[in-house]
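Residues per chain are reported as follows:
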Amino acid sequence: MLRTETHPVQSASIFSKILSTDIGHTLWGVFLLFLTTQIIIPLEPVPITLQTVGVMLIGLTFTRKVAIQSVMLYLALGLVGVPVFTHFTGGFYKLMGPTGGYLVGFLMAVLCMTTLRKYLDNNNGFFIALNCLVGTVVIFCCGIGWLSYLIGFEAAIKGGLMPFILPGCIKIVVLAVAVRYLKLGRI
């Protein structure tokens, strides 16, 4: 019987080749969303997380195909019960709860952002921030729409939008500056 051993350098090379493919980039996107959702400021009914930063980063830097795949895989994993949502939770009930609209909004945001990116100068900090603003507004519209259904429009605005305006603006500015100056290319 012929036995071959995989040298650690060969394994690392195979691993880096996989990560440089669309599948690898998609997995990086899922990991980014998972990681940023675990950074939480607890509020009710919707906590503040850094997850919108992850969504915007994906929308700004990933190809349309990979951006959509990343968000869809993340949502699919969470919906079938893999603990990728806030507080390491998962399950279909999360989509039916107060954050469900925001989760759906992540997909809509990357669709809008990757489309808008075709028409904007991605080397201009203002246009990067504008694209982030559009993505953020899309997420808020989806989130507030669903939250309004659950708790009423006034309560949704009070608990699902107002606490997020200042942190959202800060996230947009920081991300636009970082992407512009780090010159992150498309993945």
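Everything numeric here is computed off the predicted structure, so don't read it as measured data.

Engineer: Before we go on, may I ask you to explain the overall build of the protein in this structure?
Structural biologist: When you go through the protein residue by residue, the secondary structure sums to nine helices and two strands. In the protein, the order of α-helices and β-strands from amino to carboxyl end is α-α-β-β-α-α-α-α-α-α-α. Relative to its 187 residues, the protein shows a buried fraction of 42%. When contacts within the protein are restricted to residue pairs at least 6 apart in sequence, long-range pairs at least 24 apart make up 69% of them.

Engineer: So what exactly am I meant to see when it comes to helix H6 (residues 100-116) here?
Structural biologist: For an α-helix, 3.6 residues make a turn, and residues three or four places apart therefore share a direction. For H6, which comprises 17 residues, the first-to-last C-alpha distance of 24 Å matches the rise-based estimate of 24 Å (1.5 Å per residue) to within 8%. Here H6 has its buried residues at Gly-100, Gly-101, Tyr-102, Leu-103, Gly-105, Phe-106, Leu-107, Ala-109, Val-110, Met-113 and Thr-114. For H6, the elements touching its buried residues are helix H3 (51-61), helix H4 (64-79), helix H5 (92-96), helix H7 (125-151) and helix H8 (153-160).

Engineer: Which parts of the structure should I look at to understand unusual backbone geometry?
Structural biologist: Trans peptide bonds make up the majority, and among non-glycine residues the majority have a negative phi. A positive phi angle is found at His-87, which is not glycine, with a value near 60°. With respect to the helices and strands, the residue His-87 is situated in the loop between H4 and H5. In the Ramachandran plot, Phe-88 falls in the positive-phi region, its phi being about 55° despite a non-glycine side chain. Residue position: Phe-88 is located in the loop between H4 and H5. Judged by relative accessible area, which is 52%, Phe-88 ranks as exposed.

Engineer: Where do I start with the packing of aromatic side chains in this structure?
Structural biologist: One pair of aromatic rings is described through two measures. These are the centre distance and the angle between the planes. Using the criterion set out here, one finds seven aromatic pairs in the structure. Taken together, a centroid distance of 6.4 Å and an interplanar angle of 35° make the contact between Tyr-102 and Phe-164 tilted. Note that Tyr-102 is positioned in helix H6 and Phe-164 in the loop between H8 and helix H9 (165-182), a separation of 62 residues in sequence. Here Tyr-102 matches Phe-164 in class, with each residue buried. Connected via pairs of aromatic rings, a cluster forms that spans Tyr-102, Phe-140 and Phe-164. The ring of Tyr-181 carries the charged tip of Arg-180 above its face, separated from the ring centre by 5.6 Å.

Engineer: Before we go on, may I ask you to explain the environment of Val-30 in this structure?
Structural biologist: Within the secondary structure, Val-30 sits in helix H2 (residues 22-37). Overall, the relative accessible area of 9% leaves Val-30 in the buried class. Every residue in contact with Val-30, bar those within four places of it in the chain, is listed here: Ser-70, Leu-73, Tyr-74 and Leu-77.

What counts, and where the lines are drawn
- Residues numbered from 1 in each chain as written.
- Predicted model: local features only at pLDDT ≥ 70, side-chain atom pairs only at ≥ 80, totals over all residues.
- Heavy atoms only, no water.
- Helix = DSSP H or I, 4+ residues; strand = E, 2+ residues; numbered from the N terminus.
- Buried < 20%, exposed > 50% of the residue type's maximum accessible area, 1.4 Å probe, protein only.
- Contact = heavy atoms within 4.5 Å.
- Expected span 1.5 Å × (residues − 1).
- Phe/Tyr/Trp six-rings, centres within 6.5 Å; stacked < 30°, edge-to-face > 60°.
- Lys NZ or Arg CZ within 6 Å of the ring centre and 35° of its normal.

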